[in-house]
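Summary of the model geometry
Here is how the chains run, residue by residue.
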Amino acid sequence: MSGPDEAPTPVAALRRIAFLLERARADTYKVKAFRAAAAAILPLSTDDVRRRADDGTLTELSGVGASTAKVITEAARGEVPRRLQETEAEHGRSLTAGGAGERLRSSLRGDLHSHSDWSDGGSPIEEMAFTAIELGHDYLVLTDHSPRLTVANGLSAARLERQLGVVDAVNEHLAGHGFTLLKGIEVDILDDGSLDQSDEMLAKLELRVASVHSKLKMDKDKMTTRMVNAVSATRMNVLGHCTGRLVTGNRGTRPGSQFDARKVFEACAEHDVAVEINSRPERRDPPTKLLELARDVGCLFSIDSDAHAPGQLDFLVLGCERAEAAGIEEERIVNTWPRERLLAWANR
Ligand SMILES: [Zn+2]
Ligand SMILES: [Zn+2]
């Protein structure tokens, strides 16, 4: 990814603007124009793009509007587009202060929780994969939602089956980059703690995150049973955003659900399930007290972006900052492990 000073190609400029806006959690519709314009000119040769920039015919391309044409034109002339300079100035700085979390971030080899436009993400699978490669990941687990989460366009078994074929195809195209897109799911934890996908389907995946998305206000004892049951399920690998709280952001705030955290974390430790440190700024889940409890109970952890757009894959440093502050050893963070070790653990 180019820095703010060297002139990027038109596609790189558009993708960088989109990346920075996503990382700042801009609404998908604000970012869409840049992603669409990048996709529109990607098949064209450099000469074609330059000629259209000179002729003023870029906007004849479907997906290119006046403002994106301006970005393309400036980049095609070897300039750093003004819009890119502004976006870099506004959103380009590090997400944490004083380099906090950077050391641990450099030890992470991948990300276990991400969404594509197959469920409620904003970008196609391949764009998530390209960006993961650019961020230096060895692997990214694609974890779109499960059927019951209809508001998030959760995947039926049939759609998930189809998605697995797409993941294979993406990996074939990306062979040689030292990167693997892994097959996963963020499966809903149903009211009784069972998982919202068939065991047969879960068995076809390489890693499974399970999360509570409904009835967050369930009675404490029932919620404890629900979560312990889920954690005890076979094929369960990561307990996603365990309290479900929201601390900031345009979806408003809500308190976390109530459960006996010691019991749940002890079940995680017993069943070799990692407790997710969800890096999304509006989640910061688990809260610090629970994070420290999970540490003391001896749990494994995964630090995940829960990205719903490519730029959000960069959230990881925020989770790293919290893990560093809690003094969690790298060895216990499963996404510091090489892919083979991760997969052996997830499919034990
Ligand atoms: Zn979730
Ligand atoms: Zn998620």
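Since the structure is predicted, the reported quantities are computational estimates derived from the model, not experimental observations.

1. Some remarks on unusual backbone geometry
Leave glycine aside and you will find that most residues have negative phi; peptide bonds, for their part, are mostly trans. A cis amide bond, omega 0 degrees, links Asp 285 with the succeeding residue Pro 286. Assignment of secondary structure puts Pro 286 in the loop between strand 6 (274-278) and helix 12 (288-297). A positive phi angle, close to 45 degrees, is found at Lys 215, a residue other than glycine. Here Lys 215 shows up in the loop between strand 4 (207-211) and helix 10 (220-232). One non-glycine residue, Arg 284, lies in positive phi territory at about 40 degrees. Inspection of the secondary structure puts Arg 284 in the loop between strand 6 and helix 12. Residue Arg 284 is classed as buried on the basis of its C-beta count, with 21 C-beta atoms lying within 10 Å.

2. A closer look at the domain arrangement of the protein
Quite often, the size of an interface is put as the accessible area lost when its parts meet. Partitioning the protein into structural domains gives domain 1 (10-91) and domain 2 (97-346). Look at where the C-alpha atoms of domain 1 and domain 2 centre, and you get two points 32 Å apart. Taken together, the contacts link 10 residues of domain 1 with nine residues of domain 2. Of all the elements in the fold, those that place two or more residues in the side of domain 1 that touches domain 2 are helix 1 (10-23) and helix 2 (28-41). It is helix 1 that provides the largest number of residues to the side of domain 1 that touches domain 2, a total of six residues. Class assignment of the residues belonging to the side of domain 1 that touches domain 2 gives a composition of five nonpolar, one polar and four charged.

3. Brief notes about the UniProt feature "domain: Polymerase/histidinol phosphatase N-terminal" (unreviewed entry) in the protein
When the UniProt feature table is mapped onto this chain numbering, "domain: Polymerase/histidinol phosphatase N-terminal" (unreviewed entry) sits at residues 110-191. Counted over residues 110-191, helix gives 33% and strand 18%. Its end C-alpha atoms are 31 Å apart.

4. Some thoughts on the sheet that holds strand 3 (residues 180-188)
The strand order 1-2-3-4-5-6-7 describes an open sheet built from seven strands, whose pairing is parallel. Two strands bound the open sheet, and with one partner strand each, they are strand 1 (110-111) and strand 7 (300-304). Judged from the five bridges that link them, strand 3 and strand 4 form a sheet pairing that is parallel. From the neighbouring strand, Gly 184 faces strand 4, where its bridge partner is Leu 207. Each of strand 1, strand 2 (139-142) and strand 3 is contacted by helix 7 (residues 125-134), which is oriented at about 155 degrees to strand 2, the strand it contacts most.

5. Structural notes on the packing of helix 4 (residues 66-76) against helix 5 (residues 82-91)
The relative placement of two packed helices comes down to the angle between their axes together with the axis-to-axis distance. Closest axis-to-axis distance for the helix 4/helix 5 pair is 8 Å, and the angle between their directions is 100 degrees. The angle between helix 4 and helix 5 falls in the class roughly perpendicular. Seen from helix 4, the contacting residues are Ser 67, Lys 70, Val 71 and Glu 74; seen from helix 5, they are Arg 82, Arg 83 and Leu 84. Class assignment for the residues of the contact of helix 4 with helix 5 results in two nonpolar, one polar and four charged.

6. Observations regarding the pairing of strand 3
Successive residues of a regular strand alternate their side chains across the two faces of the sheet. Extensive coverage of strand 3 is indicated by the burial of eight of its nine residues. For the crossover from strand 3 across helix 9 (residues 199-204) to strand 4, the handedness is right-handed.

7. Considering the nonpolar core
One finds Ile 17, Ile 72, Leu 140, Val 231, Cys 268, Val 275 and Phe 301 to be the most contacted residues of the largest nonpolar core, which totals 90 residues. Ranked by residue count, the leading element in this core is helix 1, at seven residues. Both domain 1 (10-91) and domain 2 (97-346) contribute no fewer than three residues apiece to this core. Once residues lying within four places of it in the same chain are set aside, the contact partners of Cys 268 are Val 231, Leu 239, Val 273, Val 275 and Cys 299.

8. Details of the environment of Leu 342
Among the secondary structure elements, Leu 342 is positioned in helix 14 (residues 339-346). Between the C-alpha atoms of Leu 342 and Asp 285, which are 57 residues apart in sequence, the distance is 22 Å. Other than its neighbours up to four places away in sequence, Leu 342 contacts Val 334, Asn 335 and Trp 337.

9. Focus: helix 10
If you check helix 10, its first and last C-alpha atoms are 18 Å apart, about what 13 residues at 1.5 Å a residue would give, namely 18 Å. Considered for burial, the residues of helix 10 that qualify are Met 223, Thr 224, Arg 226, Met 227, Ala 230 and Val 231. Each buried residue of helix 10 lies within a common arc of 165 degrees when the element is viewed along its axis, so the set occupies one face. Those residues of helix 10 that are buried are in contact with strand 4, strand 5 (238-239) and helix 11 (261-270).

10. Side note on the environment of Arg 283
Relative to the elements of secondary structure, Arg 283 occurs in the loop between strand 6 and helix 12. With 25 C-beta atoms counted inside 10 Å, the residue Arg 283 sits in the buried group. Residues in contact with Arg 283, not counting those within four places in the same chain, are His 241, Arg 245, Leu 246 and Asn 278.

What counts and what doesn't
- Residues numbered from 1 in each chain as written.
- Chains lettered and ligands numbered in written order.
- Predicted model: local features only at pLDDT ≥ 70, side-chain atom pairs only at ≥ 80, totals over all residues.
- Helix = DSSP H or I, 4+ residues; strand = E, 2+ residues; numbered from the N terminus.
- Buried ≥ 20, exposed ≤ 12 C-beta atoms within 10 Å, placed from the backbone.
- Domains from an automatic or database assignment.
- Contact = placed C-beta atoms within 7 Å.
- Nonpolar A, V, L, I, M, F, W, Y, C, P; charged D, E, K, R; others polar.
- UniProt positions renumbered as here; feature names shortened; annotations may be inferred.
- Pairing = 2+ DSSP bridges.
- Axes fitted to C-alpha atoms, helices over the stretch in contact; angles between N-to-C directions.
- Parallel < 35°, antiparallel > 145°, perpendicular 65-115°, else oblique.
- Right-handed = clockwise from strand over helix to strand, strands pointing away.
- Core = buried A, V, L, I, M, F, W, Y, C linked by C-beta atoms within 7 Å.
- Expected span 1.5 Å × (residues − 1).
- Arc of directions from axis to C-beta.

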